[in-house]
Amino acid sequence: MKLHHLRNATLVIETEKHVILVDPMLGKRKTIPPFTIFRYKPKRNPLVALPKNSRDILSRVTHCLITHLHADHIDKAGEVFLRRKSIPVICSSKDEKALVQRGLSVIQTLEYWEPQKFLDGKITGIPAIHGYGFIAKLMGNVMGFLIELADQKSIYISSDTIFTAHVEKVLTQFKPDISIVACGTARLDIGQPLLMRMDDILKFVTLAPGKVLANHLEALNHCPTTRLQLKTALSDHGLLTKTSIPNDGECIEY
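Residues numbered from 1 in each chain as written. Predicted model: local features only at pLDDT ≥ 70, side-chain atom pairs only at ≥ 80, totals over all residues. Heavy atoms only, no water.

As recorded in an unreviewed UniProt entry, the protein chain goes by the name MBL fold metallo-hydrolase, listed as coming from Flavobacterium ginsengisoli.

This is the structure in structure tokens:
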């Protein structure tokens, strides 16, 4: 199994049979307004271009998973790509209507904690809480995914979430082989962080039974945590050996 990290939360899971795109933010640099104006410099997003090898990787995509509707997870270019290639989409039942209205081909919708058949295995929707305190209400619904394909390592895509009892349950009871965690510690101009603080990232990696892949880094103006800061913190706690912090365009083989 190969995991191609493209940018931010956009990744591609590639097996011999399937090539699954997750959260396609595929636009050029500076095509999305700043997410924060006062707390951090009001730069337009994404801050970086897609890697040069992304076109080749995307040309092989067979299915797409969408965790939620924020522009840094599916943007206009992502929608155009999915429409043009008629890529079948799998998402939360709460997002189906909006995605169908955008002309996407939604073939399967998920409820939290209800496993369904998916390709040659199964998929389970996992609750995700997008922020600490009141800000989570403003951010709306998010769904993580536990993917268990035949003859492949299981993958937990936790998506945009803080550390919760739901997250802990997946890590400790379902024991995924690979766990993907959003590490940018995003913040708007109001409220607390939208993603895990460093102490919760460390807790996540500690509890993860297998390998961890860190994403949602250095691509958006409201995500201050850098790869180097994350690497240093993980190293200080003896957790670096189980964690990959891929550069954009990098492929990790499991």
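Thoughts on the nonpolar core
In terms of nonpolar packing, the biggest core is built from 25 residues, with Y156, L171, C183, M196, F204, L230 and L234 touching the most fellow members. Among the elements that make up this core, the one with the highest residue count is helix α6 (residues 198–207) (four residues). If sequence neighbours within four positions are ignored, F204 has contacts with Y156, S158, F163, V167, L171, S179, I180, V181, M196 and V212. By size, the runner-up hydrophobic cluster in this structure holds 21 residues, among which are I13, I123, M143 and I178. (Core = buried A, V, L, I, M, F, W, Y, C linked by side-chain atoms within 4.5 Å. Buried < 20%, exposed > 50% of the residue type's maximum accessible area, 1.4 Å probe, protein only. Helix = DSSP H or I, 4+ residues; strand = E, 2+ residues; numbered from the N terminus. Contact = heavy atoms within 4.5 Å.)

Details of helix α2 (residues 76–84)
For α2, the complete set of buried residues consists of G78, E79, F81 and L82. Around the axis of α2, the buried residues are gathered within 160° of arc, so they sit on the same side. Those residues of α2 that are exposed and aimed more than 90 degrees away from the buried face are K76 and R84. Tucked into the core, α2 has its buried residues touching β3 (19–22), α1 (54–58), β4 (63–66) and β5 (88–92). One or two residues past the end of α2 sits S86, with phi positive at roughly 50°. (Arc of directions from axis to C-beta.)

Some thoughts on a nonpolar patch on the surface
Together, F134, L138 and I190 make up an exposed nonpolar region whose accessible area comes to about 330 Å². Positionally, L138 belongs in helix α4 (residues 135–139). Overall, the relative accessible area of 58% leaves L138 in the exposed class. (Patch = residues over 30% accessible without salt bridge, like charges linked within 9 Å, V, L, I, M, F, W, Y side chains within 5 Å. Areas by Shrake-Rupley, 256 points an atom, 1.4 Å probe, with all protein chains shown as cover. Salt bridge = Lys/Arg side-chain N within 4 Å of Asp/Glu carboxyl O.)

Focus: the packing of aromatic side chains
Think of a pair of aromatic rings as described by two things: how far the centres are apart, and how the planes are tilted against each other in angle. Taken as a whole and judged by the stated rule, the model has two aromatic pairs. Between W113 and F174, the ring centres sit 6.0 Å apart and the planes meet at 20°, which makes this aromatic pair stacked. Of the two residues, W113 is situated in the loop between β6 (105–110) and β7 (116–118) and F174 in helix α5 (residues 165–174); the sequence distance between them amounts to 61 residues. For F174, a relative accessible area of 36% corresponds to the partly exposed category. Aromatic pair Y156 and F204: ring centres 6.3 Å apart, planes at 20°, arrangement stacked. Taken as a pair, Y156 in strand β10 (residues 155–157) and F204 in helix α6 lie far apart in primary sequence, 48 residues in all. Across this residue pair, the class does not change: Y156 and F204 are buried. Lying across the ring of W113, K169 places its NZ or CZ 4.1 Å from the centre. Geometry around Y132 places R197 over its ring, the cationic atom sitting 4.0 Å from the centre. (Phe/Tyr/Trp six-rings, centres within 6.5 Å; stacked < 30°, edge-to-face > 60°. Lys NZ or Arg CZ within 6 Å of the ring centre and 35° of its normal.)

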